[in-house]
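# Chains, contacts and geometry: an overview
Okay, here's what each chain looks like letter by letter:
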Amino acid sequence: MLHIMNTSHNKQLVLLRHGQSTWNRDNRFTGWTDVPLSDQGHDEAVEAGRWLSEQDVQVDIAYTSVLQRAIKTLWIALEESDQMWVPVNRSWRLNERHYGALQGENKSEMADRVGAEQVHLWRRSFDVRPPSLERNDPRYPGRDRRYAGLGASDIPLAESLKDTIDRILPYWHETIAPAFNQANTILVVAHGNTLRALVKHLEHVSDEEIPLLNIPTSVPIVYQLNSALCPLNEVHTRFEPAVEA
Ligand SMILES: O=C(O)[C@@H](CO)OP(=O)(O)O
């Protein structure tokens, strides 16, 4: 596990993908489906919290999505590191990339149907969108109360990584980045593809290189940032290019 220096004068951004969900375990496309953590995912979140504690990561403010696998991971990690009092903000903008009509499908069965190459394009390419939902589909997020305040154009029918970057960056620029005026350490607990989006932005990972970036569940990613909020270290090269759930 990575060890970090406790540099209280630097700004520090800690990114954490939620622990394994039941649909990660079952190898299903998940996206905005609000599935819980698996037992393994719960244990992974506890481990992440212990790590925060061991490394004395003093979180000033935390951000997460409106999906329970991320909310619960954050909650467990803060509980385990005795920081449950830390202010938490939730936003749909940190939700996982919307997987459209693929949501609920098994990834290996889909590869048998359409070919592994097509599934890889849907999962890891920069700008290929999965097949869209119809608005009358029961999976359409517009019928969910938590998205009631969103305009129809903000509610996705399917998203590529590029679309996900376009919805997450306004939240980074307008909400998370300005919070560093008051905070030294910010924790963001989100999802595989929203964190790929943030890492791509922060480290200027190219469109060609981004398919190789896979973010493991519940492994803290720590950036030390300069005053312009540019990373002083690289982390994306640490990750395996595998596309496991
Ligand atoms: O199904 C999903 O929503 C994501 C994350 O679990 O999967 P993938 O790794 O294929 O982008």
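Residues numbered from 1 in each chain as written. Predicted model: local features only at pLDDT ≥ 70, side-chain atom pairs only at ≥ 80, totals over all residues. Heavy atoms only, no water.

Going by the annotation in an unreviewed UniProt entry, the name recorded for the chain is 2,3-bisphosphoglycerate-dependent phosphoglycerate mutase, with Neorhodopirellula lusitana given as the source organism. Per UniProt, the comment on the chain under Function (unreviewed entry) is "Catalyzes the interconversion of 2-phosphoglycerate and 3-phosphoglycerate." Annotation of the chain in UniProt includes, under Pathway (unreviewed entry), the sentence "Carbohydrate degradation; glycolysis; pyruvate from D-glyceraldehyde 3-phosphate: step 3/5." (UniProt positions renumbered as here; feature names shortened; annotations may be inferred.)

With that settled, the discussion passes to helix H4 (residues 107-114). At the N-terminal boundary of H4, the capping side chain belongs to Asn106, with an oxygen 2.9 Å from the backbone nitrogen of Ser108. Following H4 by one or two positions, Gly115 adopts a phi angle in the positive range, close to 100°. (Polar contact = N/O pair within 3.5 Å; in protein donor to acceptor, adjacent residues only side chain to side chain. Helix = DSSP H or I, 4+ residues; strand = E, 2+ residues; numbered from the N terminus.)

So, on to the pairing of strand S4 (residues 185-190). In terms of burial, S4 is a largely internal element, six of the six residues being buried. Of the two faces of S4, the one holding Thr185, Leu187 and Val189 and the one holding Ile186, Val188 and Ala190 are both buried throughout. Of the strand pairs in this sheet, strand S1 (residues 11-17) and S4 are connected by six bridges, and their pairing is parallel. Among the inter-strand pairings, Leu16 is bridged to a residue of S4, identified as Val189. Pairing between strand S2 (residues 61-64) and S4: four bridges, direction parallel. In the sheet register, Tyr63 faces S4, and the bridge partner there is Val188. (Buried < 20%, exposed > 50% of the residue type's maximum accessible area, 1.4 Å probe, protein only. Pairing = 2+ DSSP bridges.)

Inspection of every chain in the model, using the stated rule, returns four aromatic pairs. Residues Tyr63 and Tyr171 carry aromatic rings whose centres are separated by 6.0 Å and whose planes lie at 80° to one another, so their mutual orientation is edge-to-face. Residue Tyr63 is located in strand S2, and its partner Tyr171 is located in helix H6 (residues 161-179); the two are separated by 108 residues in the primary sequence. Both residues of the pair, Tyr63 and Tyr171, count as buried. Site record: aromatic cluster; members linked through ring pairs are Trp32, Trp92 and Tyr147. Seen from the ring of Tyr99, Arg97 lies directly overhead, with NZ or CZ sitting 4.1 Å from the centre. For Lys107, the ring lying beneath its charged end belongs to Phe29, and the centroid distance is 5.4 Å. (Phe/Tyr/Trp six-rings, centres within 6.5 Å; stacked < 30°, edge-to-face > 60°. Lys NZ or Arg CZ within 6 Å of the ring centre and 35° of its normal.)

The next thing to look at is the nonpolar core. With 34 residues, the main nonpolar core has Leu13, Leu15, Tyr63, Trp172, Ile186, Val188 and Tyr223 as its most contacted residues. At the level of elements, S1, S2, H6, S4, helix H7 (192-203) and strand S5 (221-225) are the ones that each hand at least two residues to this core. In terms of residues, this core owes the most to one element, H6, which gives nine residues. Apart from residues no more than four positions distant in its own chain, Tyr223 is found in contact with Lys11, Gln12, Leu13, Leu15, Val199, Leu202, Glu203, Pro231, Asn233 and Val235. Within the second largest apolar cluster, 16 residues are counted, among which are Val14, Leu16, Val59 and Ala77. (Core = buried A, V, L, I, M, F, W, Y, C linked by side-chain atoms within 4.5 Å. Contact = heavy atoms within 4.5 Å.)

The sites that UniProt annotates as "site: Transition state stabilizer" (unreviewed entry) are His191. For His191, the location among the structural elements is in the loop between S4 and H7. Taking the relative accessible area as the measure of exposure, His191 reaches 0% and is therefore buried. Excluding its chain neighbours within four sequence positions, the residues that come into contact with His191 are Arg17, His18, Ser65, Leu67, Arg69, Ala70, Leu94, Asn95 and Glu96. Within the structure, the side chain of His191 is placed 2.8 Å from the side chain of Ser65, a separation counted as a polar contact.

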